[in-house]
Amino acid sequence: MRKPILAGNWKMNKTPAEAVEFVRAVSPLVTCYPQVETVVCPPFVALPAVAEALRDIPIAVGAQNCHWAESGAYTGEVSAAMLEGLAQYVIIGHSERRQYFAETDESVNKKLKAALAHGLVPIVCVGEDLAQNEAGVTDAFVSGQVRAAFAGLSAEQAVGVVIAYEPIWAIGTGRNATPEVANRVCGHVVRGTIRQLYGDAVADAIRIQYGGSTNDKNIGELMAMTDIDGALIGGASLKVDVFATMVRVTAGLYPQD
Ligand code: 13P
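Residues numbered from 1 in each chain as written. Predicted model: local features only at pLDDT ≥ 70, side-chain atom pairs only at ≥ 80, totals over all residues. Heavy atoms only, no water.

Chemist: Go over the packing of aromatic side chains, please, and point to the residues and values.
Modeler: In total, this model carries four aromatic pairs according to the counting rule given. Here the aromatic rings of Trp-10 and Phe-22 are separated by 4.9 Å at their centres, their planes lie at 75 degrees, and the arrangement is edge-to-face. Residue Trp-10 is located in the loop between β1 (5–9) and α1 (16–30), and its partner Phe-22 is located in helix α1; the two are separated by twelve residues in the primary sequence. Three or more aromatic residues link up through ring pairs in this structure, and these residues are Trp-10, Phe-22 and Phe-243. When the ring centre of Trp-68 is taken as reference, the NZ or CZ atom of Lys-110 above it lies at 4.2 Å. (Phe/Tyr/Trp six-rings, centres within 6.5 Å; stacked < 30°, edge-to-face > 60°. Helix = DSSP H or I, 4+ residues; strand = E, 2+ residues; numbered from the N terminus. Lys NZ or Arg CZ within 6 Å of the ring centre and 35° of its normal.)

Written out as structure tokens, the structure is:
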């Protein structure tokens, strides 16, 4: 069985002090559910403080981006190498970075390789916008994004990647994909593409999250779906009680042995 993974993408929110306050408050509420992998992804400047606060606590830390080069003349960027020891996960190719910071399928692929080379687990984001959704090109577009992101990755590398299906029209809008729609794209399109690329073993093991207006009210029905293994949570991950409830509800669907 694939272990469920709930990751909070805080985006450009919370100072280092606020981030530490959050993880101190949330950790007793979520670490009692070891059957759920819980991840927080603060802004870069909060990573050292959060990593320190969670040193002996089983909540993982993720970065929200990384550069593909080891080091060099890339003002304002942070390399995957620099994240070693601070983060276990890194979000790559979030739609906000593709939309506002000109990330391309090619840069996503390079970042994915850099993250893997430095022992980080990439959470690679894919998803169509509203116009593509309404034009009926979701499947072809999302499948193409998956293929481009995984170009050149071996099966051994691919199986360790987490994929987040985040339809852009559902992000921050309060309009989430229905569980059935989200499950169809996660399963038929995303997992189906991985099956074509790598075969059954990788496709059946790789973890696929849904993201877009998830909250404590809808997480249960989303996580009950066969092909949804977790959630990449934006706004709802900023509130201790809401995020903790999402972990608790998910844990209830994955009882411990
Ligand atoms: P919301 O949960 O705020 O819609 O954001 C989703 C998201 O973009 C997570 O990466």
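Chemist: Could you give an account of helix α12 (residues 240–253), with specific residues and numbers?
Modeler: The end-to-end C-alpha distance of α12, which contains 14 residues, comes to 20 Å, matching closely the 20 Å that a straight helix rising 1.5 Å per residue would cover. Within the sequence span of α12, burial applies to Val-242, Phe-243, Ala-244, Met-246, Val-247, Thr-250 and Ala-251. The inward-facing, buried residues of α12 contact β1, α1, β2 (37–41), α11 (219–223) and β8 (230–233). (Expected span 1.5 Å × (residues − 1). Buried < 20%, exposed > 50% of the residue type's maximum accessible area, 1.4 Å probe, protein only. Contact = heavy atoms within 4.5 Å.)

Chemist: Tell me about the pattern of salt bridges, and name the residues and values.
Modeler: One pass over the full model with this rule turns up 13 salt bridges. Of the charged contacts, one joins Asp-200 and Arg-195 as a salt bridge, the two residues approaching to 2.9 Å between their closest N and O atoms. Given the relative accessible area of 31%, Arg-195 is considered partly exposed. Among the ionic contacts, a cluster of salt bridges with common partners joins Arg-2, Arg-191, Asp-227 and Asp-229. (Salt bridge = Lys/Arg side-chain N within 4 Å of Asp/Glu carboxyl O.)

Chemist: Go over the sheet that holds strand β4 (residues 89–92) with me, naming the residues and quoting the values.
Modeler: Judged by pairing direction, the barrel is parallel, and its eight strands sit side by side in the order β1-β2-β3-β4-β5-β6-β7-β8 before closing back on the first. Direction aside, neighbouring strands of the sheet carry axes that sit 25 degrees apart on average. As defined by bridge partners, strand β7 (residues 207–211) adjoins β8 across three bridges and the pair is classed as parallel. Following the sheet pairing, Tyr-210 is matched in β8 by Ala-231. Contacts from α12 reach β1, β2 and β8, with the element oriented near 165 degrees to β1. (Pairing = 2+ DSSP bridges. Axes fitted to C-alpha atoms, helices over the stretch in contact; angles between N-to-C directions.)

Chemist: Please give an account of the nonpolar core that cites residues and values.
Modeler: One finds Leu-6, Val-40, Phe-150, Ile-163, Val-190, Ile-194 and Tyr-210 to be the most contacted residues of the largest nonpolar core, which totals 69 residues. Discounting chain neighbours no more than four positions away, the residues touching Val-190 are Val-126, Val-142, Val-146, Ile-163, Tyr-165, Val-185 and Ile-208. If you look at the next biggest cluster of nonpolar residues, it comprises twelve residues, including Ala-60, Ile-91, Cys-125 and Ala-164. (Core = buried A, V, L, I, M, F, W, Y, C linked by side-chain atoms within 4.5 Å.)

Chemist: Before we move on, could you go through unusual backbone geometry and cite the residues and values that matter?
Modeler: Despite not being glycine, Ala-102 shows a phi value in the positive range, around 55 degrees. Structurally, Ala-102 is set in the loop between α4 (95–100) and α5 (105–117). You will see that Ser-213, though not glycine, has its phi angle at about 55 degrees, which is positive. Mapped onto the elements of the fold, Ser-213 is located in the loop between β7 and α11.

Purely spatial values, then, with no claim about function.
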